[in-house]
Protein chains: 2
Amino acid sequence: MDEGNGRRLYRLIRPLHPADFADLIERSSGPERRLLVTVVGRFFDPDILAELDETVREEIIPYLGDDILAQAVAALPSDDAVEVLGELDEAGQARVLRAIPERDRVLVEEGLSYEDESAGRLMQRETVAVPQHWTVGQTIDFLRTHQELPNDFYDLFVIDPERRPLGKLALSRLLRAKRPVLVADIMEARFHRILVHMDQEDVAMLFRQYGLVSAPVVDEDDILIGMITVDDVVDVIDEEAEEDLMRLAGVAEDDLHGGLVATTRSRFSWLAVNLVTAIVASGVIGAFETTIEKMVALAVLMPIVASMGGNAGTQSLTVAVRALAMRELTATNAAKFVIKETTVGSLNGVAFALLAGIVSWIWFGDPQIAAVLAMAMVINMVVAGFCGTMIPIGLDRMKLDPAIASTVFLTTVTDVVGFFAFLGLASYFLI
Amino acid sequence: MDEGNGRRLYRLIRPLHPADFADLIERSSGPERRLLVTVVGRFFDPDILAELDETVREEIIPYLGDDILAQAVAALPSDDAVEVLGELDEAGQARVLRAIPERDRVLVEEGLSYEDESAGRLMQRETVAVPQHWTVGQTIDFLRTHQELPNDFYDLFVIDPERRPLGKLALSRLLRAKRPVLVADIMEARFHRILVHMDQEDVAMLFRQYGLVSAPVVDEDDILIGMITVDDVVDVIDEEAEEDLMRLAGVAEDDLHGGLVATTRSRFSWLAVNLVTAIVASGVIGAFETTIEKMVALAVLMPIVASMGGNAGTQSLTVAVRALAMRELTATNAAKFVIKETTVGSLNGVAFALLAGIVSWIWFGDPQIAAVLAMAMVINMVVAGFCGTMIPIGLDRMKLDPAIASTVFLTTVTDVVGFFAFLGLASYFLI
């Protein structure tokens, strides 16, 4: 790239797998990204678009130009085409849609009409469906002669005359059956169908739970309209895991590839909330100013109580958020879980009360301060265990994402309770 | 269950999918788990074992008895059998191995000889491999007549006479070719083979990057010895994501299903480390005791500096840990990433220095305290951005898991720097 030798660069990157080429674009800086895209020009592999991170895709789409973009979108399977177009503004979508063939256009437009993060957005329209009265032989002959098939498929769907799915037939099973056998006789009649409006997280859950590689998607009338394959689900699983991890720390998902200003701005709001809660905690300390004036050791020790509560609470919180995401924590076992976490908090609270008490006794030579520290520690860690579970469970019940705001709530509680218990007990018993 | 009506219970749970039955066991309490397992007795579906969480599986295995367990292990695909047995102690393994048929035993023993979390542990030994000179017709006839095939497979592997893989053939492609065509002519000759010692995280990376559904596993001599399918990889992806999330909060992975004592104990060590770091931070405050004595407002404001640094640092840290796990942060872009994060830290540092300065000025009516707070805030947030990226990158370079210890390091740094900068500047300028 540095040599500016476009032809040599082209020869070097041409053999790359689309996924690897997408990685190369992602890791490059802005001007390099532009160079990489323009040097490939009209030989740009449409699959690269599908592999790119959203933020980066948005950046490079203008470099491609509408013609190449329209060509690329038309060449992609419908799920990828919908994903790429879904990020353009309406004018951009209209421009590209006008440039692609009518048949593809209808499919893509339909895909765009489904809600973001729904099964409809995830599915591809291309499926292989055969009528129930067909034999294995007829099916294989159909596959051999029919050109318009999806590139990759792992199951066939057996349908009735109204296109309602009756069963699912794995290719490995089709291949092992003799030609005169009816597909209806070897299909799996107990299979999982996915409603087009289903949330992508639920789709991922189904695939994971039952080890699926593909599943039929149906509309409200149970008509087969597409299929979802496991590779799309793997992306969803990654996305959802990333979302939880990032949200717990108050970071947007597109953070890594975002620009400097965008990143700074997106982090700002979370930090602003934290500033407010830190000020609230400071307000609690401020209420005990005269106590601290009389006994500065309190100011030295108080962060220990708050910090231990925060950490113990975060442990409970993280387990709860993950268990909620994996549907392992439900209404049936929530009470059991809260009790367990609160008990764990109490047990560790007592243990650390002893430890911290001993340390502070040696440090300040004052058994009374040590006793107050120990008491505050137990209180804060019990509260931490209880709130670390109740906050995410409560958010989940209110149909809010338990990952998104729970850390702020939790640390506010553990800071306020920690400072208040410690300084309050101190001014009651010691002053 | 409460009625103690075993027969009715049996009729209710019999139709459950193994994955759902495993969920039911996981969500039940100890005695209920025992009841669920014993009521099914010798009709216990082996697949349930494969679906269970490790901790719970360990608990219920004794209820099954060696006979049923051996039967179950023999019935499972080799990868699942290895997983189940891998958790027993040596005596338990030997007992079960003695009870299963010789042929299965050899495969399982071999599987157990591979390292934990390696491709060898993940693979199943059952594959479908055909010689390169075969035609499509021969292959289909072989599949139709041969009984000993894996239950689910999505690709065939084309091999040479030494069993070295030459290509990979998707079933959907096989089905679309005419009978006289040679498999060697339609196979993909560019495919990804997996070395048996490869780490499972790298396996997941390959599947994710290239959208694979199955891949051949080879030994050091490039001989085909098994295959890995995408459903196992989905489990790995879940596991690895969970690991990162849990480790960042200092929780063990089997935490949710662990008993009360085990959970309390496993959380204890992390909290103990945090107690030490909290005491170190308190030591920094202790060094400024006389300063605080003269100006109690400092004790009120100091947690704000530490808390903002901790939060800003955690944002950088989380992005870094995720990017390292997804191989998006490598030696080539590490410097760029550290610079970006440090700059984001500085920009937000200046913004929050202003905000916090104004608030504290209004609160305490003292512009000098406000100025010191603002300066300390900038310093701590720049340090947070820098260390939030350097700590995980450094741990990763030292071949350590960046998720496991980085939060402790980071908050120690931001607490110490926060308190030291604020109190240090205050005693220099104000006292």
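Criteria and cut-off values
- Residues numbered from 1 in each chain as written.
- Chains lettered and ligands numbered in written order.
- Predicted model: local features only at pLDDT ≥ 70, side-chain atom pairs only at ≥ 80, totals over all residues.
- Helix = DSSP H or I, 4+ residues; strand = E, 2+ residues; numbered from the N terminus.
- Rg over C-alpha atoms; globule rule 2.2 N^0.38 Å.
- Buried ≥ 20, exposed ≤ 12 C-beta atoms within 10 Å, placed from the backbone.
- Contact = placed C-beta atoms within 7 Å.
- Pairing = 2+ DSSP bridges.
- Axes fitted to C-alpha atoms, helices over the stretch in contact; angles between N-to-C directions.
- Right-handed = clockwise from strand over helix to strand, strands pointing away.
- Nonpolar A, V, L, I, M, F, W, Y, C, P; charged D, E, K, R; others polar.
- Left-handed = near helix turned anticlockwise from the far one by under 90°.
- Least-squares fit on C-alpha atoms with pLDDT ≥ 70 in both.
- Core = buried A, V, L, I, M, F, W, Y, C linked by C-beta atoms within 7 Å.
- Domains from an automatic or database assignment.
- Parallel < 35°, antiparallel > 145°, perpendicular 65-115°, else oblique.

1. A look at the overall build of chain A
Here's step 1: Helix and strand counts for chain A come out as 21 helices and six strands.
Here's step 2: Radius of gyration (C-alpha) of chain A: 29 Å, far over the 22 Å computed for a compact globule of 431 residues.
Here's step 3: Considering chain A as a whole, with its 431 residues, one finds that 47% of them fall into the buried category.
Here's step 4: Taking the intrachain contacts of chain A between residues at least 6 apart in sequence as the baseline, contacts between residues at least 24 apart amount to 71%.

2. Some words on the sheet that holds strand E4 (residues 194-195) of chain B
Residues and elements named next belong to chain B.
Here's step 1: Taken together, three strands build an open sheet; the order of strands is E4-E5-E6 and the sheet is mixed. Either end of the sheet is taken by a strand with one partner, and the two such strands are E4 and strand E6 (224-229).
Here's step 2: Note: E4 against strand E5 (residues 214-218), two bridges, orientation parallel. The residue bridging Ile 194 from the neighbouring strand is Val 217, located in E5.
Here's step 3: Relative to the sheet, helix H15 (residues 230-248) contacts E5 and E6, its axis offset from that of E6 by approximately 60°.

3. With respect to the sheet that holds strand E4 (residues 194-195) of chain A
Residue and element names in this part refer to chain A.
Here's step 1: The three strands are arranged E4-E5-E6 in an open sheet whose pairing can be described as mixed. Across the chains shown, the open sheet's two edge strands, defined by having one partner strand only, are E4 and strand E6 (224-229).
Here's step 2: Where strand E5 (residues 214-218) meets E6, five bridges bridge the pair, whose relative direction is antiparallel. The residue of E6 that forms the bridge with Ala 215 is Ile 228.
Here's step 3: With respect to the sheet, helix H15 (residues 230-248) is in contact with E5 and E6, its orientation differing from that of E6 by roughly 60°.

4. Re the pairing of strand E2 (residues 155-159) of chain A
Both faces of the sheet carry side chains from a regular strand, because those side chains alternate between them.
Residue and element names in this part refer to chain A.
Here's step 1: Burial runs high along E2: four of the five residues are buried.
Here's step 2: Pairing between strand E1 (residues 129-131) and E2: three bridges, direction parallel. Along E2, the bridge assignment pairs Pro 131 with Ile 159.
Here's step 3: Considered for its hand, the β-α-β crossover made up of E1, helix H11 (residues 136-145) and E2 is right-handed.
Here's step 4: Across five bridges, E2 lies against strand E3 (residues 165-170) in antiparallel orientation. Looking at E3, one finds that Asp 155 is bridged to Ala 170.
Here's step 5: The loop that links E2 with its antiparallel partner E3 comprises five residues; one of these, Arg 163, has a positive phi angle of about 70°.

5. Some remarks on the interface of chain A and chain B
Here's step 1: Listed as interface residues are 82 residues of chain A and, on the opposing side, 82 residues of chain B.
Here's step 2: If one sorts the elements of the side of chain A that touches chain B by residue count, helix H18 (residues 297-325) of chain A sits on top with 15 residues.
Here's step 3: When its residues are assigned to classes, the side of chain A that touches chain B shows 46 nonpolar, 19 polar and 17 charged.

6. Let's talk about unusual backbone geometry
Here's step 1: Although it is not a glycine, Lys 399 of chain A sits at a positive phi angle of roughly 60°.
Here's step 2: The backbone of Arg 163 of chain B sits at a positive phi, close to 70°, despite the residue not being glycine.
Here's step 3: Residue position: Arg 163 of chain B is located in the loop between strand E2 (155-159) and strand E3 (165-170).
Here's step 4: Judged by C-beta crowding, with 16 C-beta atoms within 10 Å, Arg 163 of chain B ranks as partly exposed.

7. Examining the packing of helix H7 (residues 78-86) of chain B against helix H9 (residues 102-113) of chain B
All names here are of chain B.
Here's step 1: Two elements in contact, H7 and H9, have axes whose closest approach is 9 Å; the angle formed by their N-to-C orientations is 60°. In terms of crossing hand, the pair formed by H7 and H9 is right-handed. Residue-level contacts link Ser 78, Ala 81, Val 82, Leu 85 and Gly 86 of H7 to Leu 107, Val 108, Gly 111 and Leu 112 of H9.
Here's step 2: Counted by class, the contact of H7 with H9 contains six nonpolar, three polar and no charged residues.

8. Here's the deal with the relation of the copies chain A and chain B
Here's step 1: Screw-axis analysis of chain A against chain B gives a translation of 0.0 Å along the axis, an RMSD of 0.0 Å, and a rotation angle of 180°. What we have between these two chains is a two-fold relation.
Here's step 2: Mapped onto chain B, 100% of the interface residues of chain A again fall at the interface, so both copies present the same surface.

9. Description of the nonpolar core
Here's step 1: In this structure, Leu 373 of chain A together with Leu 373 of chain B are the most contacted members of the largest nonpolar core, which totals 216 residues.
Here's step 2: Not counting residues within four places of it along the chain, the set of residues in contact with Leu 373 of chain B comprises Leu 301, Val 305, Ala 356, Gly 357, Ser 360 and Phe 422 of chain B.
Here's step 3: With 26 residues, the next largest nonpolar core counts Phe 21, Leu 49, Leu 76 and Val 96 of chain A among its residues.

10. Description of the domain arrangement of chain A
Here's step 1: What the domain assignment lists for chain A is domain 1 (6-113), domain 2 (129-230) and domain 3 (259-429).
Here's step 2: The gap between the C-alpha centroids of domain 1 of chain A and domain 2 of chain A is 30 Å.

11. Focus: the environment of Val 181 of chain B
All names here are of chain B.
Here's step 1: Mapped onto the secondary structure, Val 181 falls in the loop between helix H12 (171-176) and helix H13 (183-186).
Here's step 2: Residue classification places Val 181 among the partly exposed residues on the basis of 15 C-beta atoms within 10 Å.
Here's step 3: As for Val 181 and Leu 256, which are separated by 75 residues in sequence, their C-alpha atoms are 54 Å apart.
Here's step 4: Ignoring sequence-local partners within four residues, the contact set of Val 181 consists of Thr 135, Val 136 and Ile 186.

12. Overview of the packing of H15 of chain B against helix H21 (residues 402-429) of chain B
All names here are of chain B.
Here's step 1: Running from amino to carboxyl end, H15 crosses H21 at an angle of 20°, the nearest separation of the two axes being 7 Å. One way to sum up the angle between H15 and H21 is to call them roughly parallel. Here H15 runs over H21; the crossing is right-handed. Of H21, the residues touching H15 (which contributes Glu 243, Asp 244, Arg 247 and Leu 248) are Ala 403, Ile 404 and Thr 407.
Here's step 2: Here the residues of the contact of H15 with H21 sort into three nonpolar, one polar and three charged.

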